[in-house]
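Analysis of the macromolecular model
Residues per chain are reported as follows:
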Amino acid sequence: MLVTGAYGGYGRALAVDCARAGARLVLLGRNARKLERAADAVEQAGGEALLYPLDLEGATPDDYAELAARVGEGAGRLDALVHCAAHFPGLTPLEHSDPAAFARALHVGLTARWWLTQACLPLLRDSGAGRVVFAVDPGPRAFPAYWGGYGVAQRGLEALVETLAAEQPGLAVHALHLPPLRTPLRARAYAADEDRLARDPAGFTGPCLDLLAGGGEGA
Ligand SMILES: NC(=O)c1ccc[n+]([C@@H]2O[C@H](COP(=O)([O-])OP(=O)(O)OC[C@H]3O[C@@H](n4cnc5c(N)ncnc54)[C@H](OP(=O)(O)O)[C@@H]3O)[C@@H](O)[C@H]2O)c1
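Below, the structure is looked at part by part. (Residues numbered from 1 in each chain as written. Predicted model: local features only at pLDDT ≥ 70, side-chain atom pairs only at ≥ 80, totals over all residues. Heavy atoms only, no water.)

**Some points on the packing of helix H4 (residues 99-127) against helix H6 (residues 148-167)**
Each packed pair of helices is defined by two parameters, the angle between the axes and the distance between the axes. For clarity, the threshold we go by: In this analysis an axis means a line fitted to C-alpha atoms, helices contributing only their contacting stretch, and an angle means the value between N-to-C directions, from 0 to 180 degrees. For the purposes of this entry, the term helix denotes a DSSP run of H or I that reaches at least four residues, the term strand denotes a run of E that reaches at least two, and both are numbered from the N terminus. Orientation is classified from the angle alone, with under 35 degrees giving roughly parallel, over 145 giving roughly antiparallel, 65 to 115 giving roughly perpendicular, and any other angle giving oblique. Crossing handedness is defined as follows: a turn of the near helix away from the far one that is anticlockwise and smaller than a right angle gives a left-handed crossing, while the clockwise case is right-handed. Note on contacts: a residue pair qualifies if any of its non-hydrogen atoms lie within 4.5 Å across the two residues. Residue polarity is assigned by list, with Asp, Glu, Lys and Arg as charged and Ala, Val, Leu, Ile, Met, Phe, Trp, Tyr, Cys and Pro as nonpolar; anything else, Gly included, falls into the polar class.
For the pair H4 and H6, the least separation of the axes is 7 Å and the interaxial angle reads 20°. Comparing the axis directions of H4 and H6 gives the class roughly parallel. Crossing geometry of H4 relative to H6 is assigned as right-handed. When H4 is examined against H6, the residues Phe 102, Ala 105, Leu 106, Gly 109, Leu 110, Arg 113, Trp 114 and Thr 117 are found in contact with a partner set consisting of Gly 148, Gly 149, Tyr 150, Val 152, Ala 153, Gly 156, Leu 157, Leu 160 and Leu 164. Looking at the contact of H4 with H6 residue by residue, the class counts come to eleven nonpolar, five polar and one charged.

Shown next as structure tokens:
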């Protein structure tokens, strides 16, 4: 199982709980030292993890092809791909958003997720029960203002999941809608001491584990 955003608030909690459930993990993130700390947590939970340092902002389709080749050489297949990486610089009106920041949020949150998934499709099919889970934030749909490229990416992810599920009936493709979670991403939108809605991400790994275990239809 490959997890992106693996040392982020939700990705790390998920990786630890997947390790407890017996999954063999590949942890993807751009900071090698933070990845090592996430791997330590996975090991303390009784699991093992391979680390894959990669910056999704600059990674090219060739980089994803290399990643897929290396996972294939190591394991021969990929049972699950869970996308938890996202870039959110903070709430800003579109009119005043930095053009590069808008593009970065859209790329990391949507295009890079697709490029990685595309490269992994053969490995996921070889699994016989391949699963792709996209963490999605329903907040920008409910309250669209100020989420910038991150918010647009969330809406795009819904379309991506529907399209991929329709085209790949042999794969289970899911959007995982998460509630407000107490993570670095959420802290860029709301001051932590005033945020009464945000919850501990460790309490919300269950729905993802259910999807990975085979619960729910695709999309
Ligand atoms: N927090 C919420 O309230 C909430 C609610 C609903 C859904 N979600 C979704 O849950 C998922 C996880 O979010 P989170 O709250 O756990 O956020 P988080 O703690 O900020 O984690 C996001 C992760 O993405 C990584 N990332 C960002 N840019 C990257 C890049 N260029 N290359 C590689 N990795 C990169 C971050 O690494 P760095 O630290 O190095 O940037 C971090 O590990 C996201 O899909 C988000 O949309 C969150």
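Still more to cover.
**With respect to H4**
The α-helix winds at 3.6 residues per turn, so residues separated by three or four positions along the chain end up facing the same way. Condition: A helix is expected to span 1.5 Å for every residue after the first. Bend, at a single residue, is the angle you get between axes fitted to the 7 residues ending at that residue and the 7 residues starting at it.
Along its 29 residues, H4 runs 40 Å from first to last C-alpha, staying within 8% of the 42 Å computed at 1.5 Å per residue. Largest kink in H4: about 50°, centred on Cys 120, with the proline Pro 122 one to four residues after it. Downstream of H4 by one or two residues, Gly 128 has phi in the positive range, about 85°.

**Remarks on a positive patch on the surface**
For the record, the criterion: Only residues whose relative accessible area exceeds 30% and that form no salt bridge enter a patch; like-charged residues are grouped when within 9 Å of one another, and nonpolar side chains (Val, Leu, Ile, Met, Phe, Trp, Tyr) when within 5 Å. Here the accessible surface of atoms and residues is derived via Shrake-Rupley with a 1.4 Å probe, and residues count as covered only by protein chains that are part of the display. The salt bridge definition used is simple: a Lys or Arg side-chain nitrogen within 4 Å of an Asp or Glu carboxyl oxygen. Positive charges come from Lys and Arg, negative ones from Asp and Glu, while His and the chain ends are left out of the count. Working definition for charges: the position is that of NZ of Lys, CZ of Arg, CG of Asp or CD of Glu. Three exposure classes are used, based on accessible area relative to the maximum for each residue type with a 1.4 Å probe and protein chains only: buried under 20%, partly exposed in between, and exposed over 50%.
A contiguous patch of positive charge on the surface is contributed by Arg 12, Arg 30, Arg 33, Lys 34, Arg 37 and Arg 188. Ranked by the residues each element gives to the positive patch, the list is headed by helix H2 (residues 32-44), at three residues. Examined against the element boundaries, Arg 30 turns out to sit in the loop between strand S2 (25-29) and H2. Assessed through its relative accessible area of 54%, Arg 30 is described here as exposed.

**Observations regarding the packing of aromatic side chains**
So the rule is basically this: Think of it this way: a Phe, Tyr or Trp ring, Trp meaning its six-membered ring, pairs with another when their centres are within 6.5 Å, and the plane angle makes it stacked under 30 degrees, edge-to-face over 60, tilted otherwise.
The full count for this structure, using the stated rule, is three aromatic pairs. Between Phe 88 and Trp 147 the ring centres are 5.3 Å apart and the planes differ by 40°, which places this aromatic pair in the tilted class. With Phe 88 in the loop between strand S4 (80-83) and H4 and Trp 147 in the loop between helix H5 (139-142) and H6, this residue pair connects regions lying 59 residues apart in the sequence. Residue classification places Phe 88 among the buried residues on the basis of a relative accessible area of 1%. Judged by centre distance (5.0 Å) and plane angle (50°), the rings of Phe 88 and Tyr 150 are tilted. Taken as a pair, Phe 88 in the loop between S4 and H4 and Tyr 150 in helix H6 lie far apart in primary sequence, 62 residues in all. Across this residue pair, the class does not change: Phe 88 and Tyr 150 are buried. Three or more aromatic residues link up through ring pairs in this structure, and these residues are Phe 88, Trp 147 and Tyr 150.

**A word on the layout of surface pockets**
Here is the rule we go by: Grid points spaced at 1 Å and placed over the protein atoms alone form the basis of the search, with a cavity being a set where a 1.4 Å probe fits but cannot get out and a pocket an open set showing protein on both sides within 12 Å along at least five of seven lines. Lining residues have an atom within 4 Å of a point. Grid points are joined across faces, edges and corners, and a volume is the space filled by probe spheres set on the points.
Of the voids in this model, the largest pocket is the one considered here, and its volume is about 1,200 Å³. What lines the largest pocket is a set of 48 residues, and nearest its centre among them are Cys 84, Ala 86, Thr 183, Leu 185 and Arg 188. Of all elements in the fold, only helix H1 (9-20), S2, H4, strand S5 (131-136), H5, H6 and helix H7 (184-187) reach the threshold of two or more residues within the lining of the largest pocket. The class makeup of the residues in the lining of the largest pocket is 30 nonpolar, nine polar and nine charged.

**Focus: a negative patch on the surface**
Taken together, the side chains of Glu 36, Asp 40, Glu 43 and Glu 48 define an acidic patch exposed on the protein surface. In this structure, Glu 43 sits in helix H2.

**Observations concerning the site of the ligand**
The cut-off we apply is this: Whether a residue is near a molecule or strand depends on its heavy atoms: if one lies within 4 Å, it is near. Polar contact is the term for a pair of N or O atoms within 3.5 Å; when the atoms are in protein, one must be able to donate a hydrogen and the other to accept it, and sequence-neighboring residues count only if both atoms are side-chain atoms. Any molecule with more than half of its atoms within 2 Å of a cavity's or pocket's grid points is counted as sitting in it.
Neighbouring the ligand are 28 residues; Tyr 7, Gly 9, Arg 30, Tyr 150 and Thr 183 lie closest to it. For the ligand, an oxygen atom lies 2.6 Å from a polar atom in the side chain of Tyr 7. Within the backbone of Glu 57, a nitrogen or oxygen atom sits 3.4 Å from a nitrogen atom of the ligand. Of the pockets mapped on this structure, the ligand occupies the largest pocket. Of the residues forming the shell around the ligand, the biggest block, three residues, is contributed by H7. Considered class by class, the residues forming the shell around the ligand number 17 nonpolar, five polar and six charged.

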